[in-house]
Amino acid sequence: MVFGDNDFDALAWSGDALEPVPLSALVVDGKEMFPTGLTINELERRKTEAERYSRQAAMFGKEGQDRLGSVPVAIIGVGGLGCHVVQQLAYAGVEELLPH
């Protein structure tokens, strides 16, 4: 649990030990606090990303997919063929494309 002045961020594990559940409210010293939602939003983003790149992760492994996302790629000429290269790299998970 992480507390701020008026909010908190926390997850709880009930039935499924692999699937955390966000807490929707908390009362501390008689004061009701509401969640920031940062952790659950990050978990949802990771889940969506894992689904999006599941085919590449099956081929490259999780470490390979993470590395593919962190490597900057420079492309010289984003014309006829270059625009398709940029598109396929983005689909593959490359996050930093540097067209020149």
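Quick caveat, the model's predicted, so the values are computed rather than measured. (Residues numbered from 1 in each chain as written. Predicted model: local features only at pLDDT ≥ 70, side-chain atom pairs only at ≥ 80, totals over all residues. Heavy atoms only, no water.)

### Remarks on the environment of L81
Inference 1: Looking at where L81 falls in the secondary structure, it is placed in the loop between β7 (73-75) and α3 (82-92).
Inference 2: In this structure, the C-alpha to C-alpha distance between L81 and R67, residues 14 residues apart in sequence, is 25 Å. (Helix = DSSP H or I, 4+ residues; strand = E, 2+ residues; numbered from the N terminus.)

### Some details on the layout of surface pockets
Inference 1: By volume, the largest pocket is sized at about 300 Å³.
Inference 2: The wall of the largest pocket is formed by 13 residues, among which E49, A50, K62, Q65 and D66 lie closest to the centre.
Inference 3: Of all the elements in the fold, those that place two or more residues in the lining of the largest pocket are α1 (38-52) and α2 (54-70).
Inference 4: Within the lining of the largest pocket, the residues separate by chemical class into three nonpolar, four polar and six charged. (1 Å grid on protein atoms, 1.4 Å probe; cavity = no way out; pocket = protein on both sides within 12 Å on 5 of 7 lines; lining within 4 Å. Points joined across faces, edges and corners; volume = space filled by probe spheres on them. Nonpolar A, V, L, I, M, F, W, Y, C, P; charged D, E, K, R; others polar.)

### Considerations on α3
Three- or four-residue spacings in an α-helix give side chains the same orientation, since the helix completes a turn every 3.6 residues.
Inference 1: Turning to α3, its buried residues are G82, V86 and A92. The buried residues of α3 occupy an angular sector of 125 degrees when the element is viewed end-on, so they sit on one face.
Inference 2: One or two positions beyond α3, positive phi appears at G93, with a value near 115 degrees. (Buried < 20%, exposed > 50% of the residue type's maximum accessible area, 1.4 Å probe, protein only. Arc of directions from axis to C-beta.)

That's the geometry; what it means functionally is another story.
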